[in-house]
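# Residue-level structural notes
Chain by chain, the residues run as shown.
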Amino acid sequence: MKDCLRLKEHYEAFVLGALEGEERAELDAHLARGCPVCTPGVAEARWVVAQLSHAAPDAEPPAALRARLMQRVAETKQLSVPQGEMSEEHGARFTIPFWAWAAAAAVVLFFAVTLWQARQFEEQLATVRSDYKRAQNEKDRLEAQRREMESILAVVAAPGTREVRLKGEGQSAPAVKAYWNEEQGVVLSAQKMPSLPTGRAFQLWVVPRKGNPLSAGVFQPDAAGNLLQLTRVEGSVGLKDAAALAITEEPAGGSPQPTSKPAWVGPII
Ligand SMILES: [Zn+2]
């Protein structure tokens with residue numbers, strides 16, 4: 001038991017493979033006979049050393065271990081005797097501060113490597129995270145697009161849907177097709193739509209047989225001039241009450257009433 005207390009301070013050095021000489025032999029013997037103090041003690045030291053190699057980048061080595069190592073280094077230095085006075089047989093014993101330095105160096109090396117690995121890992125993790133986020137955003141975008149396309153197809157294919165053809169002002173204006181379903185909304189479809197100035201948008205109107213036009217949504221063709229969009233008619237005007245659909249150019253947010261002459265008009269027959 002008294003021996004165990006003395007051996008206790010060498011557990012870490014033993015685990016690091018830096019314990020030599022009599023103490024090494026003694027501790028080996030304790031472990032060989034399953035000493036109830038040294039066996040768990042060495043196991044714990046092994047765990048502590050293993051933790052050092054997995055520690056977080058900003059972790060400090062356990063203060064106790066570091067203090068013990070430093071103390072051990074200091075002691076060994078004091079014990080060292082000048083070369084001249086050293087006898088052959090004691091020489092081997094007193095001039096080996098190396099293990100302590102080796103142990104300290106091993107700990108420092110552990111941390112340097114661990115820190116480097118942790119940095120590498122952090123960088124890889126950041127890359128993986130941003131890739132994942134980008135993929136996730138793309139997936140969400142495609143999913144929204146798929147849902148939109150499904151709604152569009154549902155409107156076009158629904159039994160109660162009326163197809164309305166809107167003719168543009170002038171020869172070069174493309175025709176715009178509208179598919180109006182009273183429950184589901186209006187799908188607009190066109191190609192080669194003219195591009196709009198910044199801050200402007202097209203607005204679809206339902207022109208009733210009586211009263212003012214009702215907004216049926218603001219839209220913008222894509223950069224290539226393609227248009228395929230589902231909009232909703234505001235208010236409760238049905239096909240039978242509507243005289244025409246019309247499209248005007250308006251400020252990007254839309255207007256409560258048309259502010260320009262319609263660029264496309266399609267009568268509802
Ligand atoms: Zn023991």
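Below: a short report on this structure. Computed from a predicted model, the values in this text were never measured in an experiment. (Residues numbered from 1 in each chain as written. Predicted model: local features only at pLDDT ≥ 70, side-chain atom pairs only at ≥ 80, totals over all residues. Heavy atoms only, no water.)

## Some details on the pattern of salt bridges
The following threshold applies: Definition used for salt bridges: Asp or Glu carboxyl oxygen within 4 Å of a side-chain nitrogen of Lys or Arg. Here a strand is any run of E in DSSP of at least two residues, a helix any run of H or I of at least four, and the numbering for each starts at the N terminus. The cut-offs for exposure are 20% and 50% of the maximum accessible area for each residue type, with area from a 1.4 Å probe on protein chains only; residues under the lower value are buried, those over the upper are exposed, and the others partly exposed.
All told, the structure shown has 12 salt bridges when counted by the stated rule. Here Arg146 makes a salt bridge to Glu143, at a shortest N to O gap of 2.9 Å. On the criterion of helical spacing, the pair formed by Arg146 and Glu143 is a turn pair, its members being three residues apart in helix H7 (residues 98-157). Glu143 sits in the partly exposed class, given a relative accessible area of 31%. Its salt-bridge partner being Lys177, residue Glu163 comes within 3.9 Å of it at the nearest N-O pair. Of this pair, Glu163 sits in strand S1 (residues 162-168) while Lys177 sits in strand S2 (residues 176-181), and the two are 14 residues apart along the sequence. Residues joined in a network through salt bridges with shared partners are Glu143, Arg146, Arg147 and Glu150.

## With respect to the coordination of the zinc ion
Keep this limit in mind: A donor here means any N, O or S atom no more than 2.8 Å from the metal (3.2 Å for Na, K and Ca); water is not included, so a site may seem to lack partners. Here the metal geometry follows the donor angles, with tetrahedral for four donors whose angles all fall between 85 and 135 degrees, square planar for four and octahedral for six when opposite donors are more than 155 degrees apart and every other angle is between 65 and 115, and irregular for all the rest.
Summarising the metal site, the zinc ion is bound by the protein donors Cys4 (SG), His30 (ND1), Cys35 (SG) and Cys38 (SG), whose distances to it range over 2.0 to 2.3 Å. Classification of the site at the zinc ion rests on its four donor atoms, whose angles at the metal span 97 to 116 degrees, yielding the label tetrahedral. Going along the chain, you hit the donors of the zinc ion in the pattern C-x25-H-x4-C-x2-C. Like Cys38, Cys35 is buried.

## Concerning the pairing of strand S4 (residues 200-208)
The side chains of a regular strand alternate between the sheet's two faces. The criterion, for reference: Following DSSP output, two strands are said to pair if at least two bridges run between them.
Buried residues dominate S4, accounting for seven of its nine residues. Bridge analysis of S4 against strand S5 (residues 214-219) gives four bridges, and the strand direction is antiparallel. Counterpart to Trp205 in the pairing with S5 is Ser215. Counted between consecutive antiparallel strands, the loop separating S4 from S5 contains five residues, among which Gly211 sits at a positive phi close to 95 degrees.

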